[in-house]
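Spelled out, the chains give:
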Amino acid sequence: MTDTFVRPDWTPLDLPRAEQSFCVTNGDRFDTTDPTTGEVVASLTASTLEDVAGAVERARAAFGRRGWRNDGQVRCRVLFRYAEALRANRERLAELLTREQGKTLAESRNEIEGSADMVEFYAGLARSTYGRAIPVGDDAHSVILREPLGVVGVITPWNWPVVLLMRALAPALAAGNTVVVKPASLTPAVTVECLALLAADPDLPEGVLTCVLGSGAVVGDALVTNRHVEMIAFTGESGTGINVLKQAANDLRKVSLELGGKSPNIVFADADLDKALDGAVNAAFTTSGQICTAGSRLLLEDSIYEDFLARLTERVRALRLGDPLDPTTQMGPVVSRSQQTSVNGYVELGRAEGKLLVGDDLDDTEALRQGCYVAPAIVTDLPRSSRVVQEEIFGPVLVVQRFSGEAEAIEIAEDSQFGLAAGIWTSDLNRAWRVGRAVSSGTIWINTYHHFYPEAEVGGFRQSGLGRQQGLEGIHEFTETKHLNFDSKSTLF
Ligand code: NAD
C-alpha cells in the first residue's frame, strides 16, 4: 500500500456552466469534495427559495403548454437519444461519479450503464401509457385515460445518485410530466453533468426539465412544500421520507418514498455455500455497504455457522481498500467525514455489545488516513434489540445472526422496522418459496443478490417506503386515471 494515491490530475468543475440554463441557481457558492483525497471536485452555486419557486413555475408553464404531455412519440425519441448519450459519455461520467462519491470505477461504470438501460426501458413505454374502454351498457360509453400529473419533484440521495435519479426521472418524463430535480448535496456535480445531456436535446421543450441545487433542509423543503408540485418522488432515509410525507399531507399531494433498509440475507445449510459466501460479501460490502438494499444482516443456520463465519472472516479481511479509481481496488471510502464518524460509532457499539470479528485493522497508511475510509467489519453475538442490529448503518458493517430451522430464520428476518430486500440461499425450491412468501420485503433474491432490472418493480414494506418504482407500476405511479363517461343517446354520437 502506497502512502499517497497516484491518480490523474483534476481541475475542479465550475457548475452550472452558463449554457446549463436548466439549473436555476442564484444563491451561495458551495464545493463538493472527493472522499478519497479531500480535493475539491466541483464548485457550484446553490438555489435560493425564490429560485425554487421560479423553477416550479417554469415547470408548471411547460406542462400548461401541452405539447410534451400530449406527444408520446417525441418523449420516446428524446428519451432514447438520452440513453445513447449516457452510454457515449460513460467514461467521463463514471470518473466524475467515483471522484464525487467514492465508489469503485467498476461500480460507477455499472451505474451509468444501468441508468442508460433504465431510460431506454421508459423510452419504450412513453408511447404506451394506454387507457381502456369500459363496457357500461347500451346507453353510455366509458373510457379510462391515464394522464400525467403535472410538475413532479424528484429528490435523490448520494449513494447511487445517477441510477436512482433515472428510475424516477425517466418514468415521470415518459408519462408526460415536467420535472424539477433536487440532487443530494454531496453529489450534485455528477447529477448536473448527466442532466445536461438531456437538456441539450433540441426536442426537449423549455421548462420540461429544471434542476435546483442546495441543502435538503432549505431547497428540498421548499420543493416539497410548494403546492404546485403535484407529486414528490423521494429517495433517502426513512426519517427524512416520513417528514416529506407529513409536509405533502398538508395539501394532500402525492408522494412516492424509497427509503432505508436492514435487509436479512439468509443462508440455509443445504445451500451452495461457495456461492452463498460470494453473495454475502457482495450483499454487505458493495459500495462500502452504502446501498439501501445491502444484505447487512447475515443469518446463518446453526450447523454451518462456525465454518461459514471463518471463511467469511478471511474473505472480508482480504478485501482490498484503496483508491476507487485504481481498477484493483475492491472497496473505496465512505462518502464523507460525517458518514465515517457515524459508521465508526456503530462499530464501537458493536464491539461493546457483541463480538467484533473484523473491523479493527484499517492499514495505517497516509493515503487511507487522508480519505474517509472505514475497515469492513463483522459483528456477532449481539442482542436482537441492539441498535447495531436494528438500525440502518449505511456503511461496511455486517451483523451476523444464528438460527435453527426455517421458522426461526423467518422470525429473525421479520424482526425489523424495515422491509426493503432479502436474500435466501438454499437448494430446496419449496423452502425458497415458503420463506420468500413469509418475509415482508419488496425484493427477495434467491441464490443471488443485488440484481436489478428496469422491468421489475422495487420498493419497501413497513418503513422502507411507499409505492413502487421501476417496471410498469413505476410509470403508473406518475399518472392519474381519469374516467370519461358519455351518454350515447346524446347528439355527440
Ligand atoms: P437523506 O434522507 O439525508 O437525503 C436524501 C435527499 O433528501 C437529499 O437530496 C437531501 O438533500 C434531501 N433532504 C434532506 N432533508 C430534506 C427535507 N427536510 N426536505 C426535503 N428534502 C430533504 O438520505 P441520504 O443520506 O442522501 O441517503 C441515504 C439514505 O437513502 C439511506 O437511508 C438509504 O437506505 C436511502 N436509500 C434508499 C433507496 C431505496 O431505493 N429505497 C435507495 C438509495 C438510498
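Per an unreviewed UniProt entry, the chain goes by the name Betaine-aldehyde dehydrogenase and belongs to Nocardioides marmoribigeumensis. For the record of the chain, the UniProt heading Sequence similarities (unreviewed entry) holds the text "Belongs to the aldehyde dehydrogenase family."

Requested: an account of the pairing of strand 9 (residues 229–235), with residues and values cited.
When a strand is regular, its side chains alternate between the sheet's two faces. With six of seven residues buried, strand 9 lies mostly within the body of the structure. Pairing of strand 6 (residues 151–155) with strand 9 involves five bridges; the strand directions are parallel. When the sheet's bridge partners are listed, Gly153 is paired in strand 9 with Ile232. Relative to strand 10 (residues 254–258), strand 9 is paired through five bridges, and the arrangement is parallel.

Go over the site of the ligand with me, naming the residues and quoting the values.
As a structural note, the neighbourhood of the ligand is formed by 26 residues, with Arg167, Lys182, Thr240, Leu259 and Glu392 the closest of them. Contact distances for the ligand include 2.7 Å between an oxygen atom and a side-chain N or O atom of Thr240. One of the side-chain nitrogen or oxygen atoms of Glu392 is found 2.5 Å away from an oxygen atom of the ligand. When the ligand is considered free in solution it has 850 Å² of accessible area, and contact with the protein chains removes 88% of it. A molecule is said to occupy a pocket when more than half its atoms come within 2 Å of that pocket's grid points, and by this definition the ligand occupies the largest pocket. Among the elements of the structure, helix 6 (163–174), helix 8 (216–224) and strand 9 are those that each provide at least two residues to the shell around the ligand. The greatest single-element share of the shell around the ligand, amounting to four residues, is contributed by helix 8.

About the criteria used
- Residues numbered from 1 in each chain as written.
- Predicted model: local features only at pLDDT ≥ 70, side-chain atom pairs only at ≥ 80, totals over all residues.
- Heavy atoms only, no water.
- UniProt positions renumbered as here; feature names shortened; annotations may be inferred.
- Buried < 20%, exposed > 50% of the residue type's maximum accessible area, 1.4 Å probe, protein only.
- Helix = DSSP H or I, 4+ residues; strand = E, 2+ residues; numbered from the N terminus.
- Pairing = 2+ DSSP bridges.
- Near = heavy atom within 4 Å.
- Polar contact = N/O pair within 3.5 Å; in protein donor to acceptor, adjacent residues only side chain to side chain.
- Areas by Shrake-Rupley, 256 points an atom, 1.4 Å probe, with all protein chains shown as cover.
- 1 Å grid on protein atoms, 1.4 Å probe; cavity = no way out; pocket = protein on both sides within 12 Å on 5 of 7 lines; lining within 4 Å.
- Sits in = over half its atoms within 2 Å of the grid points.

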